[in-house]
Amino acid sequence: MDDSIYIALVDTTGIFAAILHRYLNHKYIHVVLSMDEALEEAYSFGRRNPAIPFFAGFEKEEKEKILKAFPEADYQVYEIKCTREQKQKLIAWLYRDYARRRSLHYTLIRLPLIALRFPFEMRNAFTCSAYAAKLLDECGVWEFEKHYSIVTPRDFAEHAGKRMIYEGSLAGLVELYH
């Protein structure tokens, strides 16, 4: 039976975002996995507090907090078809990782290795795109033509097999679903 999951690509502002924009050479610098199109149940490797870029790890996204910190944030939201079993496996993985989120960390060390296209394994440390790519592959939803550790948000934007369901501001997305 068919089901769907959702990927959001995010563009924010700030010093750290400006560095990532330059480094990744892409408008969208953050990847979020969601179980629903409104991003009510969404997870990513990102800031533990949207206003503070130095503490990051695996977190449940809170749109209202993000909107406060980044009122000008832009989003692209994509629907990805999958089976009910694939979605259940993905949900179980997300819940397991959320329960142990304090032991999962965002890694800046991977960024130069991504530019060099050098696959790199680190236990319990990911970028947002590496985590999403690994999870989608492990659950049988999507495969990338490269190692998950060097997948970038651009790779998600260019991947076939998705349907854009929203493009615009986070404020617009919040308004659309409230």
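One can find the structure itself at the top, above this paragraph.
Residues numbered from 1 in each chain as written. Predicted model: local features only at pLDDT ≥ 70, side-chain atom pairs only at ≥ 80, totals over all residues. Heavy atoms only, no water.

Undergrad: So what exactly am I meant to see when it comes to the side chain of aspartate 36 here?
TA: Considering the arrangement of structural elements, one finds aspartate 36 in the loop between β2 (30-34) and β3 (42-49). Buried charge aspartate 36 goes without a salt bridge, the closest partner of opposite sign being lysine 63 at 6.1 Å. At 2.8 Å, the side chain of aspartate 36 and the backbone nitrogen of glutamate 40 are in polar contact. Ignoring anything within four residues of it in the chain, the contact list for aspartate 36 reads Tyr6 and Glu41. (Helix = DSSP H or I, 4+ residues; strand = E, 2+ residues; numbered from the N terminus. Buried < 20%, exposed > 50% of the residue type's maximum accessible area, 1.4 Å probe, protein only. Lys, Arg positive; Asp, Glu negative; His and termini not counted. Salt bridge = Lys/Arg side-chain N within 4 Å of Asp/Glu carboxyl O. Polar contact = N/O pair within 3.5 Å; in protein donor to acceptor, adjacent residues only side chain to side chain. Contact = heavy atoms within 4.5 Å.)

Undergrad: Sorry, what's going on with the pattern of salt bridges here?
TA: Side-chain pairs of opposite charge can arise where the charged atoms are in close proximity. Tallying each qualifying case throughout the model produces eleven salt bridges. A salt bridge links lysine 81 to glutamate 79; its shortest N-O distance comes to 3.6 Å. With a relative accessible area of 54%, lysine 81 lands in the exposed category. Taking the shortest distance from any N to any O, the salt bridge between aspartate 155 and lysine 146 comes out at 2.9 Å. For aspartate 155, a relative accessible area of 14% translates into the label buried. Classification of lysine 146 as partly exposed rests on a relative accessible area of 30%. Counted as one network, the salt bridges with shared partners bring together Glu79, Lys81 and Arg163.

Undergrad: Even after reading the chapter, I still don't get the state of the cysteines, so can you show me in this structure?
TA: Put plainly, two cysteines are in a disulfide when a covalent bond ties their sulfur atoms together. Applying the stated criterion to the full structure yields zero disulfides. Free of any disulfide, cysteine 82 has its nearest cysteine sulfur in cysteine 139, 9.2 Å distant. (Disulfide = S-S within 2.5 Å.)

Undergrad: Got a minute to help me understand unusual backbone geometry in this structure?
TA: Residues other than glycine predominantly adopt negative phi, and peptide bonds predominantly adopt the trans conformation. Backbone geometry places leucine 39, a non-glycine residue, at a positive phi of 60 degrees. For leucine 39, the position within the fold is in the loop between β2 and β3. Phi is positive for asparagine 124, close to 65 degrees, though the residue is something other than glycine. Mapped onto the elements of the fold, asparagine 124 is located in the loop between α4 (110-115) and β7 (125-126).

Undergrad: How do you make sense of the packing of aromatic side chains when you look at a structure like this?
TA: To describe a pair of aromatic rings, one takes the distance between the centres and the angle between the planes. This structure, assessed with the given rule, holds eleven aromatic pairs. Ring geometry for phenylalanine 45 versus tyrosine 131: centroids 4.9 Å apart, planes at 50 degrees, classification tilted. With phenylalanine 45 in strand β3 and tyrosine 131 in helix α5 (residues 128-138), this residue pair connects regions lying 86 residues apart in the sequence. Taken together, the ring pairs connect Tyr43, Phe45, Phe58, Tyr98, Phe126, Tyr131 and Tyr148 into an aromatic cluster. Against the face of tyrosine 78 rests lysine 162, its NZ or CZ located 4.9 Å from the ring centre. (Phe/Tyr/Trp six-rings, centres within 6.5 Å; stacked < 30°, edge-to-face > 60°. Lys NZ or Arg CZ within 6 Å of the ring centre and 35° of its normal.)

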